[in-house]
Amino acid sequence: MTSVHENPAVADRWVRTLTTSSAPRIQLVCFPHAGGTANYFLSLARALPAEVEVLAIQYPGRQDRRAERARTSIAELVDEADAVLQARLAGPFAFFGHSMGAVIAHEVTQRRARAGARLPQRLFVSGRRAPDQPPCRPNPPRTDVGILEDLREAGGTHPLFLTDAELRAELLRVMRADYQAIDSYAWHAQPPVNCPITALTGDADPQASVAAVRAWSAHTSAGFDLRVFSGGHFYLDEHRSEVAGAIGEGLLPLP
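Because the structure is predicted, anything quoted here is derived from the model rather than measured. (Residues numbered from 1 in each chain as written. Predicted model: local features only at pLDDT ≥ 70, side-chain atom pairs only at ≥ 80, totals over all residues. Heavy atoms only, no water.)

1. Notes on the overall build of the chain
1) Next: Of regular secondary structure, the chain possesses 10 helices and seven strands.
2) Next: Across the 255 residues of the chain, 53% fall into the buried class.
3) Next: Contacts spanning at least 24 positions in sequence make up 79% of the contacts within the chain whose residues lie at least 6 apart.
4) Next: Accessible surface, the chain: about 11,100 Å² in total, of which carbon and sulfur atoms supply 51%. (Helix = DSSP H or I, 4+ residues; strand = E, 2+ residues; numbered from the N terminus. Buried < 20%, exposed > 50% of the residue type's maximum accessible area, 1.4 Å probe, protein only. Contact = heavy atoms within 4.5 Å. Areas by Shrake-Rupley, 256 points an atom, 1.4 Å probe, with all protein chains shown as cover.)

Here it is in structure tokens:
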């Protein structure tokens, strides 16, 4: 497999440009949830201020990257995403990650901090408990039936992907890899990052209680903000304009 370090064409497959600006003031990089794709953030991207150029990470193994091996560890995803972003982030930037994407965004930020690289202007973590918090499910689903039940409980998955046999098989292929990645992830204590964190969550999220999300405050030395919305794990589908407003407030005006 050709790595992102070796071939710019491979690197380009990792990043989707969702919105462009003639005079961008900042780039926002979005990291999807387990089973998610870059296009999930398209509606949110369009709701953001025009000065924000929105990019989104497309993980291997899905949509136009279906023929590629889906990664089964957070470390792999972090390593490759970080390598891509080194070349794509020329000016001010911020990260937004939802669920598994929040873990990846935070780990990329930590990696950049250790390397002495520029950090995000702000890290937005959505629908995910802080990394030092205990698992929300001590016995994660290991079977296809369990994964499908988990998806139904969380919401956010189009019903057709749960009922159509071909689409369901494709979804499960991706979910097995993503669940393996996130369920094998182990937090190793690291210094708080020197960039502000905004944590966002739904007040009825079965995967991330408000208290567990508030615990992100211990992972930054540069300021913390918590935004709680009504709803479950995919609260942002119902509160897209409010989420866009919270992101805009966190990014603009820049110093």
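Picking up after the structure, the text goes on.
2. Observations concerning the nonpolar core
1) Next: In terms of nonpolar packing, the biggest core is built from 45 residues, with Phe31, Ile74, Phe95 and Ile104 touching the most fellow members.
2) Next: When near neighbours in sequence (up to four residues on either side) are disregarded, Ile74 contacts Met100, Val103, Ile104, Ala181, Ile182 and Tyr185.
3) Next: Residues Leu28, Tyr40, Phe41 and Ala246 belong to the second largest nonpolar core, which totals 28 residues. (Core = buried A, V, L, I, M, F, W, Y, C linked by side-chain atoms within 4.5 Å.)

3. As for the packing of helix 5 (residues 144-154) against helix 7 (residues 165-183)
1) Next: Across the interface, helix 5 lies against helix 7 with an axial gap of 10 Å and an inter-helix angle of 95°. Taken together, the axis directions place helix 5 and helix 7 in an arrangement best described as roughly perpendicular. Contacts between helix 5 and helix 7 involve Asp144, Ile147, Leu148, Asp150 and Leu151 from the first element and Arg168, Leu171, Leu172, Met175, Arg176 and Tyr179 from the second.
2) Next: When its residues are assigned to classes, the contact of helix 5 with helix 7 shows seven nonpolar, no polar and four charged. (Axes fitted to C-alpha atoms, helices over the stretch in contact; angles between N-to-C directions. Parallel < 35°, antiparallel > 145°, perpendicular 65-115°, else oblique. Nonpolar A, V, L, I, M, F, W, Y, C, P; charged D, E, K, R; others polar.)

4. Quick look at the environment of Leu148
1) Next: Summarising the element assignment, Leu148 is placed in helix 5.
2) Next: Relative accessible area serves as the criterion here: at 10%, Leu148 is assigned to the buried category.
3) Next: Taking the C-alpha atoms as reference points, Leu148 and Leu171, separated by 23 residues in sequence, lie 9.5 Å from one another.

5. Considering the pattern of salt bridges
1) Next: A complete count under the given rule lists 14 salt bridges for this structure.
2) Next: Across the pair Asp64 and Arg16 runs a salt bridge, and its minimum N-O distance is 2.5 Å. With Asp64 in the loop between strand 3 (52-57) and helix 3 (74-88) and Arg16 in strand 1 (residues 15-19), this residue pair connects regions lying 48 residues apart in the sequence.
3) Next: The exposure class of Asp64 is exposed, given its relative accessible area of 54%.
4) Next: Judged by relative accessible area, Arg16 falls into the buried class, the value being 17%.
5) Next: The closest approach of N and O atoms between Asp237 and Arg240, which form a salt bridge, is 3.6 Å.
6) Next: Judged by relative accessible area, Asp237 falls into the partly exposed class, the value being 30%.
7) Next: What makes Arg240 partly exposed here is its relative accessible area of 28%.
8) Next: Within the structure, one salt-bridge network assembled from shared partners comprises Arg13, Arg65 and Glu68. (Salt bridge = Lys/Arg side-chain N within 4 Å of Asp/Glu carboxyl O.)

6. Brief notes about the packing of helix 3 against helix 4 (residues 100-115)
1) Next: At their nearest, the axes of helix 3 and helix 4 sit 9 Å apart, and the two run at 60° to each other. With respect to each other, helix 3 and helix 4 are oriented oblique. Crossing of helix 3 against helix 4: the hand is right-handed. Within the contact between the two elements, helix 3 uses Ile74, Ala75, Leu77, Val78, Asp79, Asp82 and Gln86 and helix 4 uses Met100, Val103, Ile104, Glu107, Val108, Arg111 and Arg112. (Left-handed = near helix turned anticlockwise from the far one by under 90°.)

7. A few points about the sheet that holds strand 7 (residues 224-229)
1) Next: Pairing in this open sheet of seven strands is mixed, and the strands run 1-3-2-4-5-6-7 from one edge to the other. Looking at strand neighbours, the two that pair on one side only are strand 1 and strand 7, the edges of this open sheet. Neighbour to neighbour, the strand axes of the sheet diverge by 20° on average, direction disregarded.
2) Next: Where strand 4 (residues 93-98) lies against strand 5 (residues 123-126), four bridges are found, and the strand directions are parallel. Paired with Phe96 across the strands is Phe124, a residue of strand 5.
3) Next: Along the sheet, helix 4 contacts strand 2 (26-31), strand 4 and strand 5; its crossing angle with strand 4, the most-contacted strand, is approximately 145°. (Pairing = 2+ DSSP bridges.)

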